[in-house]
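Spelled out, the chains give:
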Amino acid sequence: MKRVVIIGGGIAGLAAAYSLREHQGDTPPFEIVILEKNDRLGGNIRTERTEGFLIEGGPDCFLSEKPWAMELCKRVGLSDKLLATNEAYKKTYVLSGGKLHILPEGVILMVPTKIMPLAYSTLISWPGKLRMAAELFIPRKKDNKDETLGSFVRRRLGKEVLDKIAEPLVAGVHAGDPETMSVRSSFPKFVQLEEEHGSLIRGMLKKMALMKKSAAGAAQGAGPKKRVTMFMTLRDGLSELIETLCTSLSKSPDNKIRTGVKVKSVEKKSRGYAVSIEGGESIEADAVIVAAPAWVAASVLQSLDPELEKELLSIPYVSTATISLGYKKSDIKHPMDGFGFVVPKTEGRRIMAASWVSRKFDHRAPVGSVLIRCFVGGSKNSELVSVDDKEMVRMVRQELKEIMGIEAEPVVARVFKWNASMPQYTVGHEERIASIEAGVAKHPSLFITGSAYHGIGISDSVRNGEIIAKKALHAIKD
């Protein structure tokens, strides 16, 4: 029986394993072995329940616009568990001048689509508003060279939008620095809007009109549908997807999931590969899928291909931490009438953002309680991730006191640190990935997937894991 070894038990590796079985078809029987170095599966996806609070240590949702995660949830039987955001609190705030200002309604990521909310906004100055409006008349870029997100936003919308909206809101998704991030790799849809419509505003308005028309057409004659918002999650936390995938895979004796197993190397054999594990064990494989961070992939592929190792190590990573604090609702004077707030680098704060989790999603805090989750680290303050947990909580509490006026002692405090966990799509990322994929292609039946290559979100990881699984199926058929 042939064997596929998957190195890494995060969402990309598990999605690849599930897809291998889902699309097995008439492929002769084969074994799947998943090797995970940690004692748990799921990678950065980690849900915990503490004193009635549901706490996400890593990501807490996925984008519905990228449908692959939601489709996977449905295929594994979690349709009824899909949970939309609470739209009664869909406002987002931006800290500016030490005060929280509402992000104007109609600003989608950083592109304004409504005049009056922007006109009345206290976040952007009048010169800044006029500069945003002038975007309609800025000519499109003449060449297709990659540029930084910072350069792109300044060119099209102005410096104030970069500092107060794009940097904290858009770059915050990647925990990155707009002055090094590749706009083409990180936010290709912005580039596409400029190329196709000559203007972000014009392009976004046309896109919204098409989406509205499509949604209206789909609704005609259709029965009641589950509510879908921009951000979606699962009622019992994202770990439910991990657990469900593992349960499904465990039903077959031909699927083996091993945790606490560190892979040392992948070596080429006359037929297939030998995957060496710390402790001396070696597993023969007809195909290998490396679904681990690029720097881990570099380590295990070092002896197989030193040039490929160098290319993989060229992808930079930053560290982040999430700090979740649960409070009695009666102790919080702030109305918390939104999803939370983001913090521009220019404010000189030690947190990147705070999510008012129990407002954003239901079922996250006990009755009479609220849950707030803060983000630390990234390109702004990566050194803060090394602070011990007690000091981290003290630091974040001080930030919340100064920003939201919260003085109460939290009833729950939970810190999660993710060292070298967030890949950075810096300028030249497309060329870098093309070179890596060309290097991988030199090794038949070797594949690579994960958040370092074609999108950092859960949905992107699911999609890329599924694409690689189909390639691996073709390889073991030969």
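Structure: above.
None of the values given here were measured: they were computed from a predicted structure. (Residues numbered from 1 in each chain as written. Predicted model: local features only at pLDDT ≥ 70, side-chain atom pairs only at ≥ 80, totals over all residues. Heavy atoms only, no water.)

Draft legend 1. The packing of aromatic side chains, seen in detail. Counting across every chain of the model gives five aromatic pairs. Judged by centre distance (6.4 Å) and plane angle (15°), the rings of phenylalanine 152 and phenylalanine 190 are stacked. Taken together, the residues span a long stretch of sequence, with phenylalanine 152 in helix α5 (residues 149–156) and phenylalanine 190 in helix α8 (residues 188–197) at a distance of 38 residues. Owing to a relative accessible area of 3%, phenylalanine 190 belongs among the buried residues under this scheme. (Phe/Tyr/Trp six-rings, centres within 6.5 Å; stacked < 30°, edge-to-face > 60°. Helix = DSSP H or I, 4+ residues; strand = E, 2+ residues; numbered from the N terminus. Buried < 20%, exposed > 50% of the residue type's maximum accessible area, 1.4 Å probe, protein only.)

Draft legend 2. Structural detail: the sheet that holds strand β13 (residues 263–268). Taken together, the three strands give an open sheet; going across it, the order is β13-β14-β15, and neighbouring strands pair in antiparallel fashion. The strands lining the two open edges of the sheet, one partner per strand, are β13 and β15 (282–285). The average angle at which neighbouring strand axes cross in this sheet is 20°, direction not considered. (Pairing = 2+ DSSP bridges. Axes fitted to C-alpha atoms, helices over the stretch in contact; angles between N-to-C directions.)

Draft legend 3. Expanded view of unusual backbone geometry. Even without glycine at this site, methionine 336 takes up a positive phi of about 50°. Even without a glycine there, the phi angle at alanine 420 is positive, about 45°. Relative to the assigned elements, alanine 420 resides in strand β21 (residues 412–423).

Draft legend 4. Fine view of helix α15 (residues 429–441). Between its first and last C-alpha, α15 extends 18 Å over 13 residues, near the 18 Å set by a 1.5 Å rise per residue. All of the buried residues along α15 are His429, Arg432, Ile433, Ile436, Gly439 and Val440. Angularly, the buried residues of α15 cover 120° about the axis, an arc narrow enough to put them on a single face. Seen from the buried face of α15, the exposed residues on the opposite side, beyond 90 degrees, are Glu431 and Ala441. (Expected span 1.5 Å × (residues − 1). Arc of directions from axis to C-beta.)

Draft legend 5. Representation of the pairing of strand β11 (residues 231–234). Here strand β5 (residues 62–63) runs beside β11; their pairing, made up of two bridges, is antiparallel. Looking across to β11, one finds that phenylalanine 62 is bridged to methionine 232.

Draft legend 6. How the structure looks around the nonpolar core. In this structure, Ile6, Leu20, Phe62, Leu241 and Ile289 are the most contacted members of the largest nonpolar core, which totals 44 residues. Other than its neighbours up to four places away in sequence, leucine 241 contacts Ile11, Leu72, Cys73, Val76, Leu78 and Leu234. Among the nonpolar cores identified, the runner-up in size contains 33 residues, and Val261, Ile283, Tyr317 and Leu446 belong to it. (Core = buried A, V, L, I, M, F, W, Y, C linked by side-chain atoms within 4.5 Å. Contact = heavy atoms within 4.5 Å.)

Draft legend 7. Region of the structure containing the sheet that holds strand β2 (residues 30–36). Pairing in this open sheet of five strands is parallel, and the strands run β12-β2-β1-β16-β22 from one edge to the other. At either margin of the open sheet sits one strand with a lone partner, and together these are β12 (255–259) and β22 (446–448). On average, each strand axis in the sheet is tilted by 15° relative to the strand beside it, whichever way the strands run. One ladder, built from three bridges, connects strand β16 (residues 287–290) with β22; its direction is parallel. Note that in β22 the partner of valine 290 across the bridge is isoleucine 448.

Draft legend 8. Structural context of the side chain of aspartate 460. Its place among the elements puts aspartate 460 in helix α16 (residues 458–477). Aspartate 460 sits in the buried class, given a relative accessible area of 8%. Beyond its immediate sequence surroundings of up to four residues, aspartate 460 is in contact with Lys66, Trp68, His454 and Gly455.

Draft legend 9. Main features of α5. Of all the positions in α5, only Leu149, Gly150, Phe152, Val153 and Arg156 are classed as buried. Down the axis, α5 shows its buried residues gathered within 165° of arc, on one side only. Of the residues one or two after α5, glycine 158 is the one with positive phi, at around 105°.

Draft legend 10. Just the pairing of strand β4 (residues 53–56), in detail. Judged by which residues are buried, β4 turns out to be covered on both faces: Phe53 and Ile55 on one side and Leu54 and Glu56 on the other are all buried. Where strand β3 (residues 47–50) and β4 come together, four bridges link them in antiparallel fashion. Its bridge partner lying in β4, threonine 50 is registered against phenylalanine 53. Remark: two residues form the turn of the hairpin made by β3 and β4, two consecutive strands paired antiparallel; glutamate 51 in that turn has positive phi of roughly 50°.

Draft legend 11. Local environment of a nonpolar patch on the surface. Nonpolar side chains collect at one region of the surface, where Ile115, Met116 and Tyr120 lie side by side and expose about 420 Å² of accessible area between them. Structurally, the position occupied by isoleucine 115 is in helix α3 (residues 115–119). (Patch = residues over 30% accessible without salt bridge, like charges linked within 9 Å, V, L, I, M, F, W, Y side chains within 5 Å. Areas by Shrake-Rupley, 256 points an atom, 1.4 Å probe, with all protein chains shown as cover. Salt bridge = Lys/Arg side-chain N within 4 Å of Asp/Glu carboxyl O.)

Draft legend 12. Summary view of the pattern of salt bridges. Applying the stated criterion across every chain yields a total of 37 salt bridges. For arginine 46, the salt bridge goes to glutamate 48, with nearest N and O atoms at 3.4 Å. The class of arginine 46 is partly exposed, set by a relative accessible area of 28%. Counted as one network, the salt bridges with shared partners bring together Glu135, Glu147, Arg155, Arg156 and Glu194.

Draft legend 13. Structural detail: the environment of tryptophan 418. Within the secondary structure layout, tryptophan 418 lies in strand β21. Taking C-alpha positions, tryptophan 418 is 9.1 Å from glycine 57, a pair spaced 361 residues apart along the chain. Beyond its immediate chain neighbours, meaning those up to four positions away, tryptophan 418 contacts Gly43, Asn44, Arg46, Gly57, Gly58, Val318, Ser319, Thr320 and Thr322. One polar contact links the side chain of tryptophan 418 to the main-chain carbonyl oxygen of glycine 57, over a distance of 2.9 Å. (Polar contact = N/O pair within 3.5 Å; in protein donor to acceptor, adjacent residues only side chain to side chain.)

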